[in-house]
Amino acid sequence: MKLVPMRRMGTRCNVIMEQPLFQHNKPGRCVTFAEYRDEGGFAALQKALKELSPKQVEQAVSDSGLRGRGGAGFPTGRKWSFVPRDLPGPRWLICNCDEMEPGTYKDRVLLEANPYSLLEGIVLASYAIGVRHAFIFIRRGYETATANLQRGITECLAAGLLGENILGSGFSCTIDVHSSAGRYICGEETALMNALEGKRANPRAKPPFPAVKGLWGGPTVVNNAESLANVPGIISKGPAWFKALARTPEAAGMKLFCISGHVVNRSCFELPLGMELGEIIEGPCGGMRPGSRFKACLPGGASTPYFSAEHWQVPMDFDPVAKAGSRLGTGGIVIFDQDTCLVAATLNLVRFYARESCGWCTPCREGLPYVVHVLETIEAGKGSREHIAILQDHIKLLNYAFCALAPGAMGPVQGLLNNFMDELEEHIDKQRCPFKARE
Amino acid sequence: MPKLIIDNIPVEVTQGKTVLEAAKSVGITIPHFCWHPALGKAGACRVCAVKMVDGPVKGIQMSCMLEAQDGMVVSTTDAEAMAMRKQVIEWLMINHPHDCPVCDEGGECQLQDYTIAGGHGLRRYTGKKRTHVNQYLGPHIEHEMNRCIQCYRCVRFYQEFAGGTDFGVMGSAGRIYYGRVADGPLESPFAGNLVDICPTGVFTDKTARFRARYWDYDMAPSVCPHCSLGCNTVPAARYRELLKVIARQNDAVNGWFLCDKGRFTNSAVNAPERPRVPLIDGRQVAWEEALAALLLRIREIGTEYGAESLAIVGSSGLSMEAASLLHLLHEKTGAGSLCYFVDAGEAQQSATVTACLNEQASASMADIQAADLIALVECDLLQDGPMMALAVRQAWRRGAKISLVEDAAGTVAQNDNGLNSTDKLPFEVERVASLIDIPFADAAHPVIIFGGGDKMSEVMAEAGKTGAKLACLLGGPNSFGAALLAKEYGAISLAEAVADKKVRAVVSVEADIPPELLPKLVVVATLDWRNTETVKAAHIVLPTTAWVEMDGTYINNEGRAQRFKKVMQPGLPIKGLNPSLHPPREHTPLVPGGQSRPAWEILVDIVHRLGSEEDIQLFAGQWQRLRDLDATGNGLLLTDIERGIK
Amino acid sequence: MIDNELKITLEQRVAAAVTPREAAVEVMKELQHHYGWLTDEALHEAANLLGLSPLQVEELATFYEMIYRRPVGRRVVHVCDSISCWAMGGETLLEQLAGRLGIGVGETTSDGMFTLLPCCCLGNCGQSPTMLVGDNLYGGLTLEKALDILQREREGIETK
Ligand SMILES: Cc1cc2nc3c(=O)[nH]c(=O)nc-3n(C[C@H](O)[C@H](O)[C@H](O)COP(=O)(O)O)c2cc1C
Ligand code: SF4
Ligand code: SF4
Ligand code: FES
C-alpha cells in the first residue's frame, strides 16, 4: 500500500495516509493489469473465493461501515443484505458510473487511472450477492474510462479472474459495460434500470425496491463505482482497517473528494472521511486562488445546499454534513469566492436540473422551469418578495416529486434561502444584481 | 380487507385497492390525472396528494400510489395536501393554452374541472408558454399538443394496454411530445380511445369538431350495433345529428373502451340519403297510404302466387323488440317463410353457438381478461370483434398463453386488407394444429374463443372435457336473439327458403336481401333506416328509426341481453335542411324528416291492419324477462338462466 | 444503408443481449457513428435490428442528449455549461466560440466540420471550463485554447 505523507499534500496534519483507491495510480497513465496484480491486486478476490463464504464477504462490508458513495450514503453491506437469496431467476448487480452530477468527476479519475479495483470489487460483490451477470453503466463522455474497463474485462477474463469458474472456485460471473448517451437521470437507480433495459429512463415507483424487484424484475443491487472499488481493500485488509482510515470514529474509510471552483488545486483527492471542510480547502486544495476569499461551496455536488464560511469546521462525513443542513452527496465540492453571485449560481444549477428532468412528473417537469423563471427574474433585477414565497413553496412541494431529482434540484435553492437570504433580498431591493457592474 | 379512515369516514376496501379508490368508494373524489381505473397507477401527475395522519405511512403521499392498509388515517383536506394539489394545477396551467372557448374538450375536460375546483384563477407565472407543432393523425383524431399536461395516459393506453407501436412519447423534461415519428393516421384499431382517455383536449374527435358542448348533447346509455360483442356506449347527438360515440364503462363487457369501428362508423345515421319518408315505388307518401299499399300488395301476392311465396325476413341487426314480433306477421300473412337470417351459414353458426353456450359456460370479456390460457379457433378477432382482441391482450399481458388453432390449410381468416390479420393481433400466439395440442389441464381459467365454424363438435367436446369457458363471435348485435327466435319458431334462412320454395315476395325488416334475388321478386317491401340496396330496389319503403333513435334490446355474443335507450329524435339534422327554403313556407308540427318509427311499432301496426284484434305486447311469453332491463346495469345473461344459474 | 459487416456485428450484439431492447442505445450509437447522426434511415434500421417500431426507437433516441436526430457536423463540440465550468468562465466561452466560428449555438459551421452545442457537466470539473469534441475531452480552456484545439481536430480529420 502506497503511503502518502499528508504534508506533501500541504495539510497541516503530519500523518501518513493510506490511499486504497489511488495506491496503484501511475502518473499520467493507467496502471497496467500486471502492475495491479503484482502490487497485490486481486488478492482480495483470491482470498474471498478460497476462504470466505458469500455471507462472510457481505458481513465484512457491513462491518467496515462502508456507506454508498453515489450520493445517498446508504450502508453498502445492508443494501446487499436486503436481496432475497431464495427467489427463482437471476439476480443482478449494477455498477453506477453515470456520474453526471455537476461538480462530480471522481469515478472518471478513478477509472482513468485504474479500472481493476472496480472490476475486482464487482466480482466480490457478485460473489457476496450471488450474481452471475453484472453491468457497469457508464456515461457518455467517459470514453477513456470505458476503454479501460473494457480492456480490463478482457484481461481479467484471460486471467481467469472473470467468466466461468473464477480461480477454480466454481463461481462464475460476467461483466458487461453499458455505455449511455447522456442523461443525468440515468444515474437514479431505478431510471438506470429502465435505461439498461432499453426503455426510456424514467424512474420506477418504489416499492417494490430494486433489491426485491429490479432489473428485468429480478433482485438487483445498484452501487456506485467508488463504493464497489473500496470492497477489495475491505476484504484483503479487514473491516476494522477500513473503518480506521477515517478521521473521526463515526466515519468509515476514505472518500474521493473532487474539487472544482476557485481554489488553487482543482483535483480529485482521496481523503479520510471526517476531515474538516476548511482543512480540505487549505490542505490538498492549496487554499483559495490568489485574490479569492471563500464565500460558499456546494459540499457534495450540485444537489446539496450551500455551505458558507460558518461551516468551515464541519467534518466532511455523511452525518455531520447532514446535521449542518446539507449533504455529503457525491463528495464533489464546488467552491465559490466573494465575487460569485449565488443567485446566478443557483440559476445555473436549477437550469441544469430543469433540462435534465426526465419529464415524468409534474413538480419537476413544470416546477423547475418555474423556479428558473423566478430566479431569472430576480437576477434580472425584476424580483419581488412574492418571488421568495414562490421559491419557498417550491422548496417544500418539490419534495413530493416522483424521484429524488427534483428535491435535489432544490438543495442549492434551499441553501441560498437559508444562508444567503440577504444576498437574495439585495437583488430584490436594489432591483439589480449587485455583482454586475451598473450599466 | 383493510379498514382505514378517510376524512373521518371509516372505509373498508378489498386488498390491493389504493387509497384513492378507497376514497372514491365513499364518495370522496381525490383529483387525479394520470391514474385511470383501467391503466392503474403511474404517479406522474402528483395531483392526488393527501396527508397520511396516522398508520403505517405518514406525511404527504400520492393516494393513487399507496395501497390501502389497515390503520391508515387519511386527510384529503389537510392544508399542505391542498397546497400541493393547488400547486400541481398551477404548474400544469403554466403552459396550458387558455383556449377553452375554442377547445372541443371544454365542458368535458378534467383539467378545466380541477382548475376551477382548486380555485386557481390568477396567473403568477410571467414567462412564455411552451408550444408544439401538431400532427395529422388521420381522419378521426385531432391533435393539439399545446394542451397536453403530460399525464402519460395516452401512451400507456396506446402501447401498453392496446399494443400499438406507432404512437408514443418522445423527448424528455419539458420537451416531452406525444405523437408519431411523422404525420400519418394512427394504426391501432383502438386509437379512438385516446379521445376518451386524454383528460384534456389534446385528442378530440375530429368527426365532431366544433359542433357542440357537452351540456348541449343529447345522450343516453346505448349499445354498439357494429358487431356481436355489445360494447356499451354513450352516443352524443345534437339537433338530430349523431355527433360522436363515447365508450361507456361496463366491466363485464367492454371495460372502459371501444374499438374504432364502433366509434367512427356511425355516419349512416346522419346520411342525407337515408329513407325518412314512406315510399311507394319511389314516390313519397303518407304512412296511411304506404301501409295500405303494403297490405294490398300482400293480398295480391296471395291471390296471384299463393301466400307461401311470401317471405318475412329479419336480421341479426334487428332489435329484439322487432325481431320477437316477426312471427306474428308470419302468422297473419300466412307467409311461406319466416327468416331471421339471410345467409344460411350465419343462421347455422348462430344456431350452433347459442345451442352450445346454453350448455357450456359462456365467457364474458371479463372472463377472457382473467383467463390464463386462451385458444383461438376459427375466428378473426380484429374483423369480427376487435374489443375481444383487446381483452385477450390483457390476459396475455398478465402471462396467459394464447394458442391459435390453424385450420386445415394452416392459415386463418384473411381480413379486408388481404393481410393475415393474426399478424396484427395485439398479442403473441402459439400456432397449434389442433385443440388437442393445447394443455388445458394445466390451466386454471381456460377459455376457448370460437368463430362458430366446422370445428363446432370438436370445440364442444374439448370444452366439455376441460371445463374451458366458451366465447363465440357472431355476425350481428342481435345474432344471439335472432337465433333463439329462429329456433323457437322453426325458422330457416332466406337462402334456404329461396332454394326450397318459390319466394316471389319479401317483407324485409332491416335485412339485406341478396342483390341477385331482388330482380326476381315481384314485391319487395322493406322496413329500414339505412339506404341499402334493398331499400333502393324496394317497391314499398317504411322508414324505421336507427338504434340511437329508440329504446331497444340486443342480445350479445355471450347471451347477454342489453337495453339501449333513445338518444335523439329522428329527423333530418339541422345541418341537412335546405337553406334555400328560408324562410320556411311550409308550416307543420312535424320534425322535418322525422317520420321514422321504430320497426316494432310499424310491425304492430301492420299486424293490426291484417285483422288482429289482440293487444300486442312487447316481450310476451318467455321474453317477459326482458321487459325491465336496466340500460345502465350489466344486462341479463340468458345463457346462465338457461343453465339454471341465477 | 449500412454495410453487411456492420449489420452482422449489430445483429450479433442484439443477439447477445439479455433482451433485444438492452442493445438499443448501443445500436443507436453505432448507427450514429456510421452516419454521423441518427438519420431517418438509421432509425428504421435500428428498429429492424431491435424488433421495435421506428416510433419506439424514436422514443429512446429523443430522450438522450447525445443522440442526434438532426444533421450535425463531422464533430459535435459540446461545451459544458454546468456549475463548475460556469464558475470558471465557461458561461461566456460558448458564446465567444460561436462568435469566432461564425455560427449560432446549435448551428454547424459552413464547411460542415463542427456543430456547437452546450451540454451538461462533462465530469471534468477540475479542469473547467471544458468541452467534448467528438469523443475527446478537453479542459482548462480559454477561448484561444479552444480555437487551437478545434484547429487541431480539423487538421486531424482532414489528413485522415
Ligand atoms: C437524479 C439522480 C442521479 C443520480 N446519479 C447517480 C450517479 O451518477 N452515480 C451514482 O452512483 N449514483 C447516482 N445516484 C444515486 C443512485 O440512485 C443510487 O443511490 C446509488 O447509485 C447507489 O449506490 P451507492 O449505494 O453505492 O451510493 C443518483 C440519484 C439521483 C436521484
Ligand atoms: S422528479 Fe419526476 S420528472 Fe424529475 S426526474 Fe424524477 S421522475 Fe423525472
Ligand atoms: S396527450 Fe392527453 S393523455 Fe397524453 S399525456 Fe397529454 S394530457 Fe395526458
Ligand atoms: S393520480 Fe396520483 S399521481 Fe397522478
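Cut-offs and rules
- Note that residues are indexed from 1 along each chain, following the sequence as it is written.
- Written order decides the labels, with chains lettered from A and ligands numbered from 1.
- Local features in a predicted model are, by the rule used here, given only for residues with pLDDT of at least 70; side-chain atom pairs are given and counted only at 80 or more, and totals for whole chains, interfaces and linings are based on all residues.
- Computation of side-chain values covers all heavy atoms of the structure but excludes hydrogens and water.
- In this description a helix means any DSSP run of H or I spanning at least four residues, a strand means any run of E spanning at least two, and both kinds are numbered starting from the N terminus.
- Burial classification: accessible surface area is computed with a 1.4 Å probe over protein chains only, and a residue below 20% of its type maximum counts as buried, one above 50% as exposed, and the rest as partly exposed.
- We call two residues in contact whenever any of their non-hydrogen atoms come within 4.5 Å of each other.
- Buried area is calculated as the accessible area (1.4 Å probe) missing from two parts once they are joined, with the contributions of both summed.
- Note on definitions: salt bridges are taken to be side-chain nitrogens of Lys or Arg within 4 Å of carboxyl oxygens of Asp or Glu.
- Under the scheme applied here, ten amino acids are nonpolar (Ala, Val, Leu, Ile, Met, Phe, Trp, Tyr, Cys and Pro), four are charged (Asp, Glu, Lys and Arg), and all others, including Gly, are polar.
- Here, strands pair whenever DSSP counts at least two bridges between them.
- Residues enter a nonpolar core if they are buried and are Ala, Val, Leu, Ile, Met, Phe, Trp, Tyr or Cys, with the set joined through side-chain atoms within 4.5 Å.
- Pairing of N or O atoms within 3.5 Å defines a polar contact, subject to two protein rules: one partner must be a possible hydrogen donor and the other a possible acceptor, and residues neighboring in sequence count only if both atoms are side-chain atoms.
- We call a residue near a molecule or strand when any one of its heavy atoms sits within 4 Å of it.
- In this analysis, rings of Phe, Tyr and Trp, with Trp reduced to its six-membered ring, are considered paired at centre separations within 6.5 Å, and the interplanar angle assigns stacked below 30 degrees, edge-to-face beyond 60, and tilted for intermediate values.
- pLDDT runs from 0 to 100 and stands for how confident the predictor is about each residue.

Visitor: Tell me what's going on with the overall build of chain C, and back it up with residues and numbers.
Guide: Helices and strands together make up the secondary structure of chain C, namely six helices and four strands. Seen in sequence order, chain C has helices and strands lined up from the N terminus as α-α-α-α-β-α-β-β-β-α. Taking the principal axes of its C-alpha atoms as reference, chain C extends roughly 45 × 35 × 25 Å. Residues classed as buried in chain C amount to 57% of the 160 residues present. Long-range contacts, defined as pairs at least 24 residues apart, comprise 58% of the intrachain contacts of chain C with a sequence gap of at least 6.

Visitor: Can you tell me about the interface of chain A and chain C, naming the residues and giving the values?
Guide: On the side of chain C, 37 residues touch chain A, which itself brings 51 residues to the contact. Carbon and sulfur atoms supply 57% of the area buried between chain A and chain C, which totals about 3500 Å² over both sides. Considering only the surface of chain A that becomes buried against chain C, Arg140, Arg200 and Arg266 of chain A emerge as the three largest contributors, covering 18% of it. On inspection of chain A and its partner chain C, the count reaches two salt bridges. At the level of secondary structure, the elements contributing two or more residues to the side of chain A that touches chain C comprise strand E4 (133–138), strand E5 (174–179), helix H8 (189–196), strand E7 (254–261), strand E11 (332–337) and helix H14 (342–356) of chain A. Ranked by the residues each element gives to the side of chain A that touches chain C, the list is headed by H14 of chain A, at seven residues. Split by residue class, the side of chain A that touches chain C holds 23 nonpolar, 15 polar and 13 charged.

Visitor: I'd like to hear about the sheet that holds strand E9 (residues 294–298) of chain A, residue by residue, with values.
Guide: Residue and element names in this part refer to chain A. Taken together, the five strands give an open sheet; going across it, the order is E8-E7-E11-E9-E10, and neighbouring strands pair in mixed fashion. In this open sheet, the two edge strands, each paired with only one partner strand, are strand E8 (268–272) and strand E10 (307–308). Where E9 meets E11, four bridges bridge the pair, whose relative direction is antiparallel. Pairing of Cys297 across the sheet is with Ile335, part of E11.

Visitor: Describe the nonpolar core, and please don't skip the residues or the numbers.
Guide: Formed by 202 residues in total, the largest nonpolar core has its most connected members in Leu381 and Ile449 of chain B. The dominant element in this core, judged by the number of residues it contributes, is H14 of chain A, at ten residues. Apart from the residues within four sequence positions on either side, Leu381 of chain B is in contact with Leu376, Pro386, Met388, Ala389, Val392, Leu425, Phe427, Ile449 and Leu473 of chain B.

Visitor: Got a sec to walk through the interface of chain A and chain B? Specific residues and values, please.
Guide: For interface size, the figure often reported is the accessible area lost on association. Facing the 29 residues of chain A at the interface are 34 residues of chain B. Summed over both sides, the interface of chain A with chain B buries roughly 2500 Å², with 56% coming from carbon and sulfur. Of all residues in chain A, the largest losses of buried area upon contact with chain B belong to Trp360, Tyr370 and Tyr400 of chain A, amounting jointly to 25% of the total for that side. Here chain A and chain B share one salt bridge between them. Arg130 of chain B serves as the salt-bridge partner of Glu366 of chain A, at 2.9 Å between the closest nitrogen and oxygen. The tally of links between chain A and chain B comes to 19 residue pairs in polar contact (both at pLDDT 80 or more). For the side of chain A that touches chain B, the elements supplying multiple residues, two or more each, are H14, helix H15 (362–379) and helix H16 (385–397) of chain A.

Visitor: Lay out the side chain of Asp107 of chain A in plain terms, naming residues and giving numbers.
Guide: Residue and element names in this part refer to chain A. Inspection of the secondary structure assignment puts Asp107 in helix H5 (residues 106–113). Here Asp107 falls in the buried class, since its relative accessible area comes to 1%. A polar side-chain atom of Asp107 sits 2.8 Å from a polar atom in the side chain of Lys106. Setting aside residues up to four positions removed in sequence, Asp107 forms contacts with Asn96, Cys97, Glu99, Asn224, Ala225 and Glu226.

Visitor: Which residues make up the site of ligand 3, and what values go with them?
Guide: Contacts to ligand 3 come from 13 residues, most closely from Cys148, Cys151, Tyr152, Cys154 and Cys198 of chain B. In terms of residue class, the shell around ligand 3 is made up of ten nonpolar, two polar and one charged.

Visitor: Outline the packing of aromatic side chains, supporting the account with residue identities and numerical values.
Guide: Residue and element names in this part refer to chain A. The tally for this structure, following the rule as stated, stands at 31 aromatic pairs over all chains. Ring centres of Trp92 and Phe135 lie 6.0 Å apart, and the angle between their planes is 40°; this geometry places the pair in the tilted category. On the criterion of sequence distance, the pair formed by Trp92 in strand E3 (residues 92–97) and Phe135 in strand E4 is long-range, its members being 43 residues apart. With relative accessibility at 7%, the residue Trp92 sits in the buried group.

Visitor: So what about the confidence of the model for chain C? Which residues, and what values?
Guide: When the pLDDT values of chain C are averaged, the result is 96; 100% of them are 70 or greater. Of the two predicted TM-score estimates for the complex, the pTM is 0.95 and the ipTM is 0.96.

Visitor: How would you sum up the pattern of salt bridges? Please name residues and give values.
Guide: What the rule picks out here adds up to 70 salt bridges over all chains. A salt bridge links Asp99 of chain B to Arg147 of chain B; the nearest nitrogen and oxygen atoms lie 2.8 Å apart. A residue pair is termed long-range when its members are at least 10 positions apart, and Asp99 of chain B in the loop between helix H2 (79–95) and helix H3 (110–118) and Arg147 of chain B in the loop between strand E6 (141–143) and helix H4 (153–161) qualify at 48 residues. Asp99 of chain B sits in the buried class, given a relative accessible area of 15%. Judged by its relative accessible area of 6%, Arg147 of chain B is buried. Among the salt bridges present, the one from Arg238 of chain B reaches Asp216 of chain B, with a minimum N-O distance of 3.8 Å. A residue pair is termed long-range when its members are at least 10 positions apart, and Arg238 of chain B in strand E12 (residues 232–238) and Asp216 of chain B in the loop between strand E9 (203–205) and strand E10 (218–219) qualify at 22 residues. One network of salt bridges, with partners in common, ties together Arg69, Lys106, Asp107, Glu226 and Lys255 of chain A.

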